[in-house]
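# Summary of the model geometry
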Amino acid sequence: ACGGDRKASPTGPLGDPVTPPGQGGGGGGGGGSLSPLVGEWLNTLIVELNGDFQRIETTWVFSSDGNGSRTVETFSVLEDRLRISRRSCTYQADTHQLAVLYSDAQENVHFDFSFPEFSRDLLLIGQFRFRRIF
(Lines give C-alpha, C1' and ligand atoms only; values in the text may rest on other atoms or scores of the structure.)
Protein backbone atom coordinates (compact mmCIF):
# COMPACT_ATOMS: atom_id res chain seq x y z
CA ALA A 1 0.00 0.00 0.00
CA CYS A 2 2.87 2.37 0.69
CA GLY A 3 5.18 3.16 -2.19
CA GLY A 4 8.82 2.28 -1.89
CA ASP A 5 11.74 0.64 -3.60
CA ARG A 6 11.11 -2.82 -2.15
CA LYS A 7 7.59 -2.97 -3.63
CA ALA A 8 9.05 -2.55 -7.12
CA SER A 9 10.52 -6.04 -6.78
CA PRO A 10 8.85 -8.76 -8.91
CA THR A 11 8.29 -10.92 -5.84
CA GLY A 12 7.03 -10.00 -2.41
CA PRO A 13 8.36 -10.82 1.03
CA LEU A 14 8.44 -14.37 2.23
CA GLY A 15 5.52 -15.32 4.46
CA ASP A 16 6.21 -16.42 8.00
CA PRO A 17 5.53 -20.19 8.35
CA VAL A 18 3.73 -19.64 11.64
CA THR A 19 1.60 -16.71 10.49
CA PRO A 20 0.13 -17.41 7.05
CA PRO A 21 0.95 -14.86 4.34
CA GLY A 22 -1.44 -11.95 4.10
CA GLN A 23 -2.23 -12.06 7.81
CA GLY A 24 -0.56 -10.33 10.68
CA GLY A 25 1.22 -7.02 11.05
CA GLY A 26 1.10 -4.20 8.60
CA GLY A 27 4.06 -2.59 7.13
CA GLY A 28 6.25 -0.01 8.82
CA GLY A 29 9.27 1.31 7.29
CA GLY A 30 12.41 -0.09 8.76
CA GLY A 31 14.80 -2.93 8.71
CA GLY A 32 12.22 -5.69 8.34
CA SER A 33 12.51 -9.13 9.89
CA LEU A 34 14.68 -12.03 8.82
CA SER A 35 12.98 -14.46 6.52
CA PRO A 36 12.47 -18.02 7.77
CA LEU A 37 14.27 -19.14 4.59
CA VAL A 38 17.54 -17.54 5.74
CA GLY A 39 20.05 -20.14 6.94
CA GLU A 40 21.72 -23.35 5.79
CA TRP A 41 19.61 -26.29 4.66
CA LEU A 42 20.75 -29.90 4.01
CA ASN A 43 19.21 -32.78 2.06
CA THR A 44 20.87 -36.22 1.96
CA LEU A 45 19.92 -38.89 -0.56
CA ILE A 46 21.32 -42.41 -0.92
CA VAL A 47 20.73 -43.85 -4.38
CA GLU A 48 21.75 -46.97 -6.29
CA LEU A 49 22.88 -46.44 -9.88
CA ASN A 50 24.14 -49.35 -12.00
CA GLY A 51 25.58 -51.29 -9.06
CA ASP A 52 27.03 -48.18 -7.41
CA PHE A 53 25.68 -46.59 -4.26
CA GLN A 54 25.94 -42.82 -4.09
CA ARG A 55 25.40 -40.35 -1.29
CA ILE A 56 24.23 -37.01 -2.62
CA GLU A 57 24.20 -34.12 -0.14
CA THR A 58 22.72 -30.84 -1.30
CA THR A 59 23.19 -27.75 0.84
CA TRP A 60 21.40 -24.48 0.18
CA VAL A 61 22.62 -21.33 1.92
CA PHE A 62 20.29 -18.33 1.95
CA SER A 63 21.59 -15.03 3.36
CA SER A 64 19.40 -12.16 4.51
CA ASP A 65 20.88 -9.92 1.77
CA GLY A 66 19.45 -12.06 -1.06
CA ASN A 67 22.71 -13.89 -1.82
CA GLY A 68 23.09 -17.62 -1.57
CA SER A 69 24.67 -20.79 -2.84
CA ARG A 70 23.89 -24.39 -3.69
CA THR A 71 26.52 -27.06 -3.02
CA VAL A 72 26.13 -30.66 -4.17
CA GLU A 73 28.53 -33.28 -2.81
CA THR A 74 28.28 -36.67 -4.49
CA PHE A 75 30.20 -39.63 -3.03
CA SER A 76 30.46 -42.78 -5.15
CA VAL A 77 31.13 -46.02 -3.26
CA LEU A 78 32.21 -47.80 -6.45
CA GLU A 79 34.72 -45.09 -7.39
CA ASP A 80 35.55 -44.19 -3.77
CA ARG A 81 35.46 -40.58 -4.91
CA LEU A 82 33.79 -37.36 -3.77
CA ARG A 83 32.69 -34.78 -6.34
CA ILE A 84 31.74 -31.27 -5.24
CA SER A 85 29.82 -28.70 -7.24
CA ARG A 86 29.12 -25.21 -5.81
CA ARG A 87 27.09 -22.48 -7.51
CA SER A 88 26.70 -18.97 -6.10
CA CYS A 89 23.39 -17.24 -6.67
CA THR A 90 21.02 -14.49 -5.74
CA TYR A 91 17.45 -15.30 -4.80
CA GLN A 92 14.02 -13.82 -4.24
CA ALA A 93 11.08 -15.54 -2.62
CA ASP A 94 7.39 -14.98 -2.26
CA THR A 95 5.09 -17.10 -0.14
CA HIS A 96 5.46 -20.31 -2.19
CA GLN A 97 8.03 -19.80 -4.93
CA LEU A 98 11.77 -19.34 -4.89
CA ALA A 99 13.45 -17.61 -7.85
CA VAL A 100 17.18 -18.37 -8.07
CA LEU A 101 19.61 -16.66 -10.43
CA TYR A 102 22.89 -18.58 -10.49
CA SER A 103 25.98 -16.42 -11.03
CA ASP A 104 26.86 -18.42 -14.16
CA ALA A 105 23.35 -18.24 -15.68
CA GLN A 106 21.21 -15.70 -17.49
CA GLU A 107 17.72 -16.66 -16.32
CA ASN A 108 16.02 -17.44 -13.02
CA VAL A 109 15.24 -21.00 -12.03
CA HIS A 110 11.98 -21.32 -10.10
CA PHE A 111 11.31 -23.78 -7.27
CA ASP A 112 8.14 -24.28 -5.27
CA PHE A 113 8.86 -24.36 -1.56
CA SER A 114 7.00 -24.78 1.71
CA PHE A 115 7.54 -25.37 5.41
CA PRO A 116 5.89 -28.72 6.28
CA GLU A 117 3.85 -28.71 9.46
CA PHE A 118 4.71 -24.99 9.86
CA SER A 119 8.18 -26.02 11.03
CA ARG A 120 11.04 -23.53 10.98
CA ASP A 121 13.53 -26.42 10.75
CA LEU A 122 12.11 -28.34 7.77
CA LEU A 123 11.88 -27.00 4.23
CA LEU A 124 10.57 -28.56 1.03
CA ILE A 125 12.23 -27.24 -2.12
CA GLY A 126 10.53 -28.87 -5.07
CA GLN A 127 9.90 -32.38 -3.82
CA PHE A 128 13.05 -32.58 -1.69
CA ARG A 129 13.02 -32.27 2.10
CA PHE A 130 15.76 -30.18 3.72
CA ARG A 131 16.55 -29.75 7.39
CA ARG A 132 18.03 -26.63 8.89
CA ILE A 133 21.67 -27.05 9.90
CA PHE A 134 22.31 -23.41 10.80
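Relevant structure appears above.
Okay, so let's go over this structure. (Residues numbered from 1 in each chain as written. Predicted model: local features only at pLDDT ≥ 70, side-chain atom pairs only at ≥ 80, totals over all residues. Heavy atoms only, no water.)

## Structural notes on a nonpolar patch on the surface
To keep it simple, the criterion reads: Patch definition: residues above 30% relative accessible area lacking any salt bridge, with like charges linked at up to 9 Å and the nonpolar side chains Val, Leu, Ile, Met, Phe, Trp and Tyr linked at up to 5 Å. Calculation of accessible area relied on Shrake-Rupley with a 1.4 Å probe; when residues are assessed, cover is drawn exclusively from the protein chains displayed. A carboxyl oxygen of Asp or Glu within 4 Å of a side-chain nitrogen of Lys or Arg is what we treat as a salt bridge. Secondary structure elements follow DSSP: runs of H or I no shorter than four residues count as helices, runs of E no shorter than two count as strands, and numbering proceeds from the N terminus.
Residues Ile46, Phe53 and Val77 make up a contiguous nonpolar surface patch of about 310 Å² in total accessible area. Note that Val77 resides in the loop between β3 (67-76) and β4 (81-93).

## Description of the sheet that holds strand β6 (residues 109-114)
In sheet architecture, strand pairing relies on hydrogen bonds along the backbone and comes in two forms, parallel and antiparallel. What counts is decided by this rule: Pairing between two strands requires that DSSP report at least two bridges joining them. Helix axes use the C-alpha atoms of the stretch in contact, all axes being lines fitted to C-alpha atoms, and the angles between their N-to-C directions lie in the range 0 to 180 degrees.
The eight strands are arranged β1-β2-β3-β4-β5-β6-β7-β8 in a closed barrel whose pairing can be described as antiparallel. Averaged over all pairs of adjacent strands, the angle between their axes in this sheet comes to 35 degrees, without regard to strand direction. Pairing of strand β2 (residues 52-62) with β3 involves nine bridges; the strand directions are antiparallel. Pairing of Thr58 across the sheet is with Val72, part of β3.

## As for the pairing of strand β7 (residues 122-125)
For clarity, the threshold we go by: Throughout, exposure labels follow a simple rule: accessible area from a 1.4 Å probe, protein chains only, divided by the maximum for the residue type, with under 20% read as buried, over 50% as exposed, and the rest as partly exposed.
Burial along β7 is one-sided: Leu123 and Ile125 are buried, and none of Leu122 and Leu124, which face the opposite way, are. Looking at chain direction, β6 and β7 are connected through two bridges and run antiparallel. Across the sheet, the residue bridging to Phe113 is Ile125, located in β7. Of the strand pairs in this sheet, β7 and strand β8 (residues 128-132) are connected by four bridges, and their pairing is antiparallel. Bridging from a neighbouring strand, Leu123 pairs with Phe130 of β8. From the end of β7 to the start of β8, which pair antiparallel, there are two residues, and Gly126 there has a positive phi angle of about 65 degrees.

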